[in-house]
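Commentary on secondary and tertiary structure
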Amino acid sequence: MILRIIIDVFIAAGFIFALAGTKGVIQMPDTYCRMQASTCITTLGVLGVVIGAALYAFCIMGSPATGIKVVVIGLLVITINPVGAHAIAKGAYRHGIRPEKEMEIDDFRRDFDE
Amino acid sequence: MPKTKFPAVVSTFILCFAFWLLLTWSLDTQELIAGAIVSLVAALFCARFFIHDKAFWFFRPARLGALIAYVFVFLGELIKANVDVARRCFSGCTDVNPGIVKVPVDLKHDYAEAMLANSITLTPGTITLDIAEQEGKTYYYIHWIDVAELDRDKAGEIIKGRMEKWIRRIWQ
């Protein structure tokens, strides 16, 4: 019973962070800030759900194979996500996408964009 | 194209085989033989892309311990940053002050630089755009959702936090 409550807490925390990230993706003012908000979904959102699901598979379902697969999904999301994020952010900047409001400090433009 | 080295093949094989065991979760003889063959072929083809340097770098208690400790250090930073960004999202998304700062990084190893860049990107609120090398020094261009500090060195201290110190301990 206590275990069940712990699992529910993890999954609920994952949902809350995923909700925050989704709200940010919709409402943030420019491309880069939207990407920042989406990182919330892929880190704690995914981690919370993965930990909850893995505990459920190991302890309640009694099926280690399922639990391991869930953990592998979590690890892959965590390791591969930043590679894509670099590429998207840099590609967007090189393509000429700029925030509407001037940024406070912009060293990338100072160094690469004459 | 780099040449395939024997230690690299061995360590890639071990990793592939461990993955196979975890995913199949059975000790049946047929499964083991099939897994060994598939892992060996995969290791022969991929070892030279997968491992460039020393294949058994982590087989030392100090480095392995630092790596495990780093996971917890990183989780702490992750939770702090996540709560911060989630709070900004729930409070109407107007509380942002974005900017791109150029931050100096003092790490020797290529892997360490990649690891720090990925850790920074994975922390909500900061994304590494690019890594530049100028006059023997390494700099990251980091998009920061809330520019709290205009001085580059101090901004770097805030963004990197304790992560850089621990990564240096892993890759020394």
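Residues numbered from 1 in each chain as written. Chains lettered and ligands numbered in written order. Predicted model: local features only at pLDDT ≥ 70, side-chain atom pairs only at ≥ 80, totals over all residues. Heavy atoms only, no water.

Concerning the layout of surface pockets
Selection rule: Within this scheme a cavity is a closed region of a 1 Å grid, computed over the protein atoms alone, that accommodates a 1.4 Å probe without allowing it to escape, whereas a pocket is open but has protein on both sides within 12 Å along at least five of seven lines; lining residues each have an atom within 4 Å of a point. Grid points are joined across faces, edges and corners, and a volume is the space filled by probe spheres set on the points. Helix and strand assignments follow DSSP, with helices taken as H or I runs no shorter than four residues and strands as E runs no shorter than two, numbered in order from the N terminus. Throughout this entry, Asp, Glu, Lys and Arg are counted as charged residues, while Ala, Val, Leu, Ile, Met, Phe, Trp, Tyr, Cys and Pro are counted as nonpolar. The remaining residues, Gly among them, count as polar. By convention here, the domain bounds are inherited from an automatic or database domain assignment.
Quantified by volume, the largest pocket comes out at close to 2200 Å³. Considering the residues around the largest pocket, the lining is formed by 48 residues, among which Leu75 and Thr79 of chain A together with Leu15, Phe58 and Leu67 of chain B are closest to the centre. Put simply, the parts of the chain that give the lining of the largest pocket at least two residues each are α2 (31–61) and α3 (64–95) of chain A together with α1 (6–24), α2 (29–50), α3 (61–90) and α4 (110–122) of chain B. Take the lining of the largest pocket: its biggest share by element is ten residues, from α3 of chain A. Considering only residue class, the lining of the largest pocket consists of 37 nonpolar, nine polar and two charged. Looking at the lining of the largest pocket, you find at least three residues from each of domain 1 (6–50) and domain 2 (61–170) of chain B. What the second largest pocket holds in volume is close to 360 Å³. Lining the second largest pocket we find 18 residues, and of these Ala81, Pro124, Trp144, Ile158 and Ile159 of chain B sit closest to its centre. Of all the secondary structure elements, the ones that give two or more residues to the lining of the second largest pocket are α3 and α5 (152–160) of chain B. At six residues, the largest contribution of residues to the lining of the second largest pocket is made by α3 of chain B.

With respect to the packing of α3 of chain B against helix α6 (residues 163–170) of chain B
The relative placement of two packed helices is expressed as an angle between their axes plus a distance between the axes. Residue and element names in this part refer to chain B. The condition that has to hold: Note on geometry: axes are lines fitted to C-alpha atoms, helical ones only across the stretch in contact, with angles between N-to-C directions running from 0 to 180 degrees. Convention used here: angles under 35 degrees read as roughly parallel, angles over 145 as roughly antiparallel, angles from 65 to 115 as roughly perpendicular, and any remaining angle as oblique. A crossing counts as left-handed when the near helix is turned anticlockwise from the far one by less than a right angle, and as right-handed when that turn is clockwise. Should any heavy atoms of two residues lie within 4.5 Å, those residues are considered in contact.
Relative orientation of the contacting elements α3 and α6 amounts to 165°, with a least axis distance of 9 Å. Judged by the inter-axis angle, α3 sits roughly antiparallel to α6. Two packed elements cross with a definite hand, and for α3 against α6 that hand is left-handed. On α6, the residues touching Arg63, Ala66, Leu67, Ala69, Tyr70, Val73, Phe74 and Glu77 of α3 are Met163, Trp166, Ile167, Arg169 and Ile170. Each residue belonging to the contact of α3 with α6 can be placed in one class, and the counts come to ten nonpolar, no polar and three charged.

Description of the sheet that holds strand β2 (residues 126–134) of chain B
One key point about sheets: their strands pair by backbone hydrogen bonds, in either a parallel or an antiparallel sense. For clarity, the threshold we go by: For two strands to be treated as a pair, DSSP must find at least two bridges joining them.
The sheet built from three strands is open, its strands ordered β1-β3-β2 (chain B) with antiparallel pairing. Of all strands in the sheet, those with a lone pairing partner are β1 (99–105) and β2 of chain B, marking the two edges. Shown here is a sheet whose adjacent strand axes are inclined to one another by a mean of 25°, direction ignored. Across eight bridges, β2 of chain B lies against strand β3 (residues 137–144) of chain B in antiparallel orientation. In the sheet register, Glu133 of chain B faces β3 of chain B, and the bridge partner there is Thr138 of chain B. Its contacts with the sheet place α2 of chain A against β2 and β3 of chain B, and it is angled at close to 90° to β3 of chain B. Contacts from α5 of chain B reach β1, β2 and β3 of chain B, with the element oriented near 90° to β1 of chain B.

Structural notes on the interface of chain A and chain B
Quite often, the size of an interface is put as the accessible area lost when its parts meet. Applicable threshold: Here's the idea: put two parts together, see how much 1.4 Å probe accessible area each one loses, and the total over both is what we call buried area. Here, a salt bridge means any side-chain nitrogen of Lys or Arg that lies within 4 Å of a carboxyl oxygen of Asp or Glu. In protein, a polar contact means a hydrogen-donor-capable atom and an acceptor-capable atom, both N or O and within 3.5 Å, with residues adjacent in sequence counting only if both atoms are side-chain atoms; elsewhere, any N or O pair within 3.5 Å suffices.
Of the residues lining the interface, 45 residues belong to chain A; the matching set on chain B comes to 41 residues. Summed over both sides, the interface between chain A and chain B buries roughly 3800 Å², with carbon and sulfur atoms accounting for 71% of that surface. Among the residues of chain A in contact with chain B, Gln36, His86 and Ile105 of chain A are the three that bury the most area, contributing 17% of the side total. Where chain A touches chain B, the interface holds one salt bridge. Linking Asp130 of chain B and Lys90 of chain A is a salt bridge whose minimum nitrogen-to-oxygen distance equals 3.5 Å. Across the contact surface, chain A and chain B share ten residue pairs in polar contact (both at pLDDT 80 or more). Of all elements in the fold, only α1 (2–27), α2, α3 and α4 (107–112) of chain A reach the threshold of two or more residues within the side of chain A that touches chain B. When residues of the side of chain A that touches chain B are assigned to their parent elements, the largest contribution, 15 residues, is made by α3 of chain A.

Don't take any of this as a statement about function, it's just geometry.
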